[in-house]
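Notes for the structure review
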Amino acid sequence: MSHGSVSPIARRIVAGPAVVFLAAGLAGCGGGTVGMGGGDDGKKPVAAASSSSPSSSSPSSLPSSASAAPRTPQSASPAGPKSSAPAPVDAPSDAPAADGPLRGKVVVVDPGHNIHNAEHSAEINRQVDIGTGSKECDTTGTETNSGYAEATFSLDVAHRLRAILQSRGAKVVLTHDGDRPYGPCVTERAEIGNKAHGDAAISIHADGAEPGQRGFHVILPAKVRGGAADTAPIVEPSKELGARVAGNFVKVTGSAPSNYIGHGTGLDTRGDLGGLNLSTIPKVFIECGNMRDAQDAALLTDGDWREKAAQGIANGITDFLHG
Ligand SMILES: [Zn+2]
């Protein structure tokens, strides 16, 4: 989710520019990249952007060895409302497997928000330039009604995802590992991926929508240009990446695409997210579920489900990089 849980959800239609993909806001996340107070644009999906439905976009040609890979101890951090301990960036788990279908590939994993952001409101509320405008440096994210933070969720899934991708031979770069006092800012989240020359990037979130609004959706970059932002080169590959992730997420988790955004496709397109606008590598966001819905929250707080979520995301990325 993109903003503090106290922020009301705007519900205006975003009238996007006359480009291939219209910007469409949503409740909540977009995470880390949308402002806490009013920076969150609209909610009405304008154009669900992809011709690929999740159910039709997931070739299942994954090597069995990949999906059978064991998790590292770090990836199996327990569920709970407390923040998991940050892992050192040079932990042994950062090493990719010597071989595997993703050998030579670089995947950038962006755990949305930061559990410490709430303690640094001045820093994270600072406006940063996202090319097409300005946004808060970062946001706190949402939480379940029982207090399980989105930032904790996103970092846990990121660890699990990293372990799977590394087992398939990929080099994985995290934008942060819970080891910073706040942030990073959305601009830096994009920059880290760009400098790593990632072959794919994904930002992990969970939404903070209304109870009864359920399911996941993947956010694709709209075609935008302004200042340092020019998404033209990444729109199409990101669309492909998003479709693969959505399709595999359905398949592995059994979760349905969002019932409140994306018209059942599980896909949305936005032009207001700095993390996407400033990316020069194929990148998507995923909102894994709605933390404010009790049924979704039961899944999001379950470690076994989060492992499935990571598996689905990993399979989507693997399909994309193999395609
Ligand atoms: Zn978020």
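Note that the structure is predicted; figures quoted are calculated from it, not measured. (Residues numbered from 1 in each chain as written. Predicted model: local features only at pLDDT ≥ 70, side-chain atom pairs only at ≥ 80, totals over all residues.)

1. What to know about the overall build of the protein chain
Helix and strand counts for the protein chain come out as eight helices and 10 strands. Counting only residues that meet the buried cut, the protein chain has 61% of its 323 residues in that class. Taking the intrachain contacts of the protein chain between residues at least 6 apart in sequence as the baseline, contacts between residues at least 24 apart amount to 85%. (Helix = DSSP H or I, 4+ residues; strand = E, 2+ residues; numbered from the N terminus. Buried ≥ 20, exposed ≤ 12 C-beta atoms within 10 Å, placed from the backbone. Contact = placed C-beta atoms within 7 Å.)

2. Things to note about the pairing of strand β1 (residues 106-111)
Counting buried residues in β1 gives six out of six residues, a clear majority hidden from the surface. Taking every second residue as pointing to the same face, both faces of β1 are buried, with V106, V108 and D110 on one and V107, V109 and P111 on the other. Note: β1 against strand β4 (residues 171-174), four bridges, orientation parallel. Opposite V108, over in β4, you have V173 as the bridge partner. As paired strands, β1 and strand β5 (residues 200-207) are joined by five bridges and run parallel to one another. (Pairing = 2+ DSSP bridges.)

3. Thoughts on helix α8 (residues 303-322)
The end-to-end C-alpha separation of α8 is 28 Å, in line with the 28 Å expected for 20 residues at 1.5 Å each. Counting buried residues in α8 gives 16 out of 20 residues, a clear majority hidden from the surface. (Expected span 1.5 Å × (residues − 1).)

4. Structural notes on helix α3 (residues 150-167)
In this model, α3 (18 residues) spans 26 Å end to end at C-alpha, consistent with the 26 Å of a helix rising 1.5 Å per residue. Among the 18 residues in α3, 18 count as buried, and that is most of the element. Of the residues trailing α3, G169 is marked for its positive phi of about 100°.

5. A look at the nonpolar core
Counting 59 residues, the largest nonpolar core has I202, V245, I286, I313 and I317 as its most contacted members. Residues in contact with I317, not counting those within four places in the same chain, are V107, L165, A200, I202 and V245. The next biggest cluster of nonpolar side chains, apart from the first, holds 11 residues, and it includes I130, C185, A229 and L278. (Core = buried A, V, L, I, M, F, W, Y, C linked by C-beta atoms within 7 Å.)

6. Re the packing of helix α5 (residues 232-253) against α8
α8 packs onto α5 with a crossing angle of 140° between their chain directions and a minimal axis gap of 7 Å. Of the two elements, α5 crosses α8, and the hand of that crossing is right-handed. Each of E240, L241, R244, V245, G247, N248, F249, K251, V252 and T253 in α5 lies in contact with α8, whose residues at this interface are W305, K308, A309, Q311, G312, I313, N315, G316, I317, D319 and F320. Residue composition of the contact of α5 with α8, grouped by class: nine nonpolar, seven polar and five charged. (Axes fitted to C-alpha atoms, helices over the stretch in contact; angles between N-to-C directions. Left-handed = near helix turned anticlockwise from the far one by under 90°. Nonpolar A, V, L, I, M, F, W, Y, C, P; charged D, E, K, R; others polar.)

7. Focus on unusual backbone geometry
With an omega of 10°, the peptide bond between G183 and P184 qualifies as cis. Along the chain, the position of P184 falls in the loop between β4 and α4 (186-195). At H197, a position not held by glycine, the phi torsion is positive, near 55°. The topology assignment puts H197 in the loop between α4 and β5. Note on H197: 11 C-beta atoms within 10 Å, which makes it exposed. For H263, which is not a glycine, the phi torsion comes out positive at approximately 50°. Mapped onto the secondary structure, H263 falls in the loop between α5 and β9 (267-270).

Remember that the coordinates give geometry; whether it matters functionally is a separate question.
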